[in-house]
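Now for the letters of each chain:
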Amino acid sequence: MGAAPRKPVDVPFGRNYVPTWAFDHIKYFNGESEIQLSLDNYTGTGFQSKGSYLFGHFSMQIKMVPGDSAGTVTAFYLSSQNSEHDEIDFEFLGNRSGQPYILQTNVFTGGKGDREQRIYLWFDPTKQYHSYSVLWNLYQIVFFVDDIPIRVFKNSKDLGVKFPFNQPMKIYSSLWNADDWATRGGLEKTDWSKAPFVASYKSFHVDGCEASVEAKFCATQGMRWWDQKDFQDLDSFQYRRLRWVRQRFTIYNYCTDRKRYPTMSPECARDRDI
């Protein structure tokens, strides 16, 4: 049996996060319970967690850049700090007015990525806040959108696939210009006359095993809620919802890209992603 992650706890920005660059492009509201990131033709901006974590549940509510957002990328991701880094990515690719946002996810292990999946969302992510979260334990990484699992990456070390387990990660978010690739492969450029582009955030939930950057294991490993049996796999209801996302909204999946990968990556079958 699987189970839904614990409900995120709304906390102010400063509890878990600090700005990282272009501090003047971040605005704070309601005692830092809500912030806005701003992108103009001078700079984007971003923030990161104060702590580093080995496993846990990390959630953010985001309202994406509205209107003509082509060329912009709003990113929410976890990453370790070294050359053979691990990374867990949400990247929201802006689009021309009236065209849907694309959500791209990726997982890097030991410095290797190239595991992109892209989906359309089943709602307009600019109209109101939606929750985006990652559950990461020794068994699996699950990407959630509003409690619906949109992707699973299982621990397939026994199949020769690296899995993030011994490199603490910080949490990052940024709003930046990527019009060399973000929208229709770079064909659609950012329209700076529409600047500034603004993304809004709230509910800066972090429930993780905090570790120093050098730590190779979590001191409470096996004792936290996400280590328990309920969270070692999805349940049948969650798998049905994942299948709904795959069948209705997926526009690219590295697991099924035979041009790029003539032989399917071994984790794809275990992830039930074929």
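Within any chain, residue numbers begin from 1 and follow the written order of that chain's sequence. Only residues with pLDDT of at least 70 are given local features in this predicted model, and only at 80 or more are side-chain atom pairs given and counted; all residues enter the totals for whole chains, interfaces and linings. No hydrogens and no water enter the side-chain calculation; it runs on all heavy atoms of the structure.

1. What about the packing of aromatic side chains?
Here is step 1 of the chain: Geometry of aromatic contacts follows a simple scheme: Phe, Tyr and Trp rings, the Trp one being its six-membered ring, pair when their centres are within 6.5 Å, and the pair is stacked under 30 degrees between planes, edge-to-face over 60, tilted otherwise. For the coordinates displayed, the defined rule picks out 26 aromatic pairs.
Here is step 2 of the chain: Throughout this description, the term charge over a ring refers to an Arg CZ or Lys NZ atom that lies within 6 Å of the ring centre and within 35 degrees of the ring normal. Against the face of F165 rests K157, its NZ or CZ located 3.8 Å from the ring centre.

2. Some thoughts on unusual backbone geometry
Here is step 1 of the chain: Between A195 and the following residue, P196, the backbone shows a cis peptide bond with an omega angle of 0 degrees.
Here is step 2 of the chain: Each helix is a run of DSSP H or I of at least 4 residues and each strand a run of E of at least 2, with the numbering of both proceeding from the N terminus. Within the secondary structure layout, P196 lies in the loop between β13 (170-177) and β14 (197-211).
Here is step 3 of the chain: Positive phi is not limited to glycine here, since A22 has a value of about 50 degrees.
Here is step 4 of the chain: Position of A22 relative to the elements: it lies in the loop between β1 (17-21) and β2 (26-29).
Here is step 5 of the chain: Even without being a glycine, D147 presents a positive backbone phi close to 70 degrees.

3. Overview of the UniProt feature "glycosylation site" (unreviewed entry) in the chain
Here is step 1 of the chain: UniProt positions are given in the numbering used here, feature names are shortened, and annotations may be inferred rather than shown by experiment. Residues given the UniProt feature "glycosylation site" (unreviewed entry) here are N95.
Here is step 2 of the chain: Inspection of the secondary structure puts N95 in the loop between β7 (87-93) and β8 (102-108).

4. So, the pairing of strand β3 (residues 34-39)
Taken residue by residue, a regular strand's side chains alternate between the two faces of the sheet.
Here is step 1 of the chain: Here, any two strands with at least 2 DSSP bridges between them count as paired. Bridging between β2 and β3 involves four bridges; their strand directions are antiparallel. Considered in β3, the bridge of Y28 is made with I35.
Here is step 2 of the chain: Pairing analysis gives six bridges linking β3 to β14, with the strands arranged antiparallel. Among the inter-strand pairings, L37 is bridged to a residue of β14, identified as A199.

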